[in-house]
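Spelled out, the chains give:
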Amino acid sequence: MTIEAQIKAAIREIPDFPKPGILFKDITTVFQDAALCNRISDEFVLRLKDTKIDAIAAIESRGFMFGFHLALMLGVPFIPIRKLGKLPSKTIQFAYNLEYGTSTIEMHKDAIKSGMNILIHDDLLATGGTATASAELVKMLNGKVTGFAFIVELEGLGGIGKIKAYTENIISLVNYN
Ligand code: AMP
């Protein structure tokens with residue numbers, strides 16, 4: 001089975017969560033399959049083999065799962081991007097719109113040194129607001145967005161149009177219209 005078909009078969013779809021009209025792609029059911037999780041990480045590593053990565057920045061909380069694993073596999077630092085008020089040291093912040101609401105995310109001020117190549121990872125790309133906000137945080141610290149890696153892309157929401165302003169190196173393992 002292709003990796004796309006295997007991931008699609010593992011994702012659980014929850015209608016009207018967290019708001020009416022949203023078809024939530026629940027990847028906790030992917031986490032139950034260790035072999036599939038290894039396949040996903042291996043696939044990311046393969047597709048990123050030509051990308052220069054000094055650190056991986058991933059978004060709370062579902063981005064942490066594969067983001068951290070990927071950082072370990074590539075032997076690079078992991079940078080958590082979190083919702084407002086969760087990080088303990090000095091932070092920079094960016095406010096943005098979600099597919100279902102608004103949010104502010106933060107990163108530690110000392111997480112990136114000027115010129116570092118940062119791969120941004122999240123589980124899913126929808127409108128692109130979260131990924132754009134993450135890229136803005138990277139830029140605020142003079143980092144370079146070297147790529148984006150998602151498990152799922154909801155193509156119909158057009159997120160890619162927003163984020164390709166930062167880099168055209170965008171990976172998604174699964175696409176939905
Ligand atoms: P966006 O900022 O619109 O690209 O939304 C992406 C963020 O919201 C990611 O962190 C996703 O985990 C979450 N998200 C948005 N829409 C969905 C969806 N339909 N199913 C699962 N997660 C979603």
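Notes on the structure in this doc start here.

Here we look at the side chain of Ser103
Next, step 1: On the secondary structure map, Ser103 appears in strand S6 (residues 101-108).
Next, step 2: The buried category is assigned to Ser103, whose relative accessible area is 14%.
Next, step 3: Setting aside residues up to four positions removed in sequence, Ser103 forms contacts with Lys83, Phe94, Ala95, Tyr96 and Leu98.

Re helix H5 (residues 129-140)
Next, step 1: Helix length check: H5, at 12 residues, gives a terminal C-alpha distance of 16 Å against a target of 16 Å (1.5 Å per residue), a fit within 8%.
Next, step 2: Within H5, nine of the 12 residues are buried, leaving the element largely enclosed by the surrounding structure.
Next, step 3: Residues of H5 that are buried include every one of Gly129, Thr130, Ala131, Thr132, Ala133, Ser134, Ala135, Leu137 and Val138, and no others.

Some points on the nonpolar core
Next, step 1: If you look at the biggest cluster of nonpolar residues, it comprises 27 residues, and the most contacted ones within it are Ile7, Val30, Ile40, Phe44 and Ile151.
Next, step 2: When contributions to this core are tallied by element, the ones reaching two or more residues are helix H1 (3-10), helix H3 (34-47), helix H4 (62-74), strand S8 (144-154) and strand S9 (170-176).
Next, step 3: Once residues lying within four places of it in the same chain are set aside, the contact partners of Ile7 are Leu36, Ile40, Ile151, Leu173 and Val174.

With respect to the side chain of Glu106
Next, step 1: Structurally, the position occupied by Glu106 is in strand S6.
Next, step 2: In this structure Glu106 is buried but unpaired, with Arg82 as the nearest side chain of opposite charge at 7.9 Å.
Next, step 3: A distance of 2.9 Å separates polar atoms of two side chains, one belonging to Glu106 and the other to Gln93.
Next, step 4: Setting aside its immediate chain neighbours within four residues, Glu106 contacts Pro80, Ile81, Arg82, Lys83, Leu84, Gly85, Lys86, Leu87, Thr91, Ile92, Gln93 and Leu137.

Some points on the pattern of salt bridges
Next, step 1: Applying the stated criterion across every chain, the model contains eight salt bridges.
Next, step 2: In this structure, Arg12 engages Asp26 in a salt bridge whose closest nitrogen and oxygen atoms are separated by 2.8 Å. With Arg12 in strand S1 (residues 12-15) and Asp26 in strand S2 (residues 23-26), this residue pair connects regions lying 14 residues apart in the sequence.
Next, step 3: Taking the relative accessible area as the measure of exposure, Arg12 reaches 42% and is therefore partly exposed.

A short note on the packing of aromatic side chains
In this description, a pair of aromatic rings is defined by centroid distance and the angle of the planes.
Next, step 1: One pass over the structure, following the stated rule, counts six aromatic pairs.
Next, step 2: Plain terms: the ring middles of Phe148 and Phe150 are 6.2 Å apart, the flat faces sit at 10 degrees to each other, and that makes the pair stacked. Here the two residues Phe148 and Phe150 agree in accessibility, since each one is buried.
Next, step 3: For Phe148, a relative accessible area of 0% corresponds to the buried category.
Next, step 4: Within the aromatic cluster, the residues linked to one another by ring pairs are Phe64, Phe68 and Phe78.
Next, step 5: Here the guanidinium or amino end of Lys8 rests over the ring plane of Tyr176, the centre of that ring lying 4.7 Å away.
Next, step 6: The lysine or arginine in question, Lys25, covers the ring of Tyr176, its NZ or CZ lying 3.6 Å from the ring centre.

How each quantity is defined
- Residues numbered from 1 in each chain as written.
- Predicted model: local features only at pLDDT ≥ 70, side-chain atom pairs only at ≥ 80, totals over all residues.
- Heavy atoms only, no water.
- Helix = DSSP H or I, 4+ residues; strand = E, 2+ residues; numbered from the N terminus.
- Buried < 20%, exposed > 50% of the residue type's maximum accessible area, 1.4 Å probe, protein only.
- Contact = heavy atoms within 4.5 Å.
- Expected span 1.5 Å × (residues − 1).
- Core = buried A, V, L, I, M, F, W, Y, C linked by side-chain atoms within 4.5 Å.
- Lys, Arg positive; Asp, Glu negative; His and termini not counted.
- Salt bridge = Lys/Arg side-chain N within 4 Å of Asp/Glu carboxyl O.
- Polar contact = N/O pair within 3.5 Å; in protein donor to acceptor, adjacent residues only side chain to side chain.
- Phe/Tyr/Trp six-rings, centres within 6.5 Å; stacked < 30°, edge-to-face > 60°.
- Lys NZ or Arg CZ within 6 Å of the ring centre and 35° of its normal.

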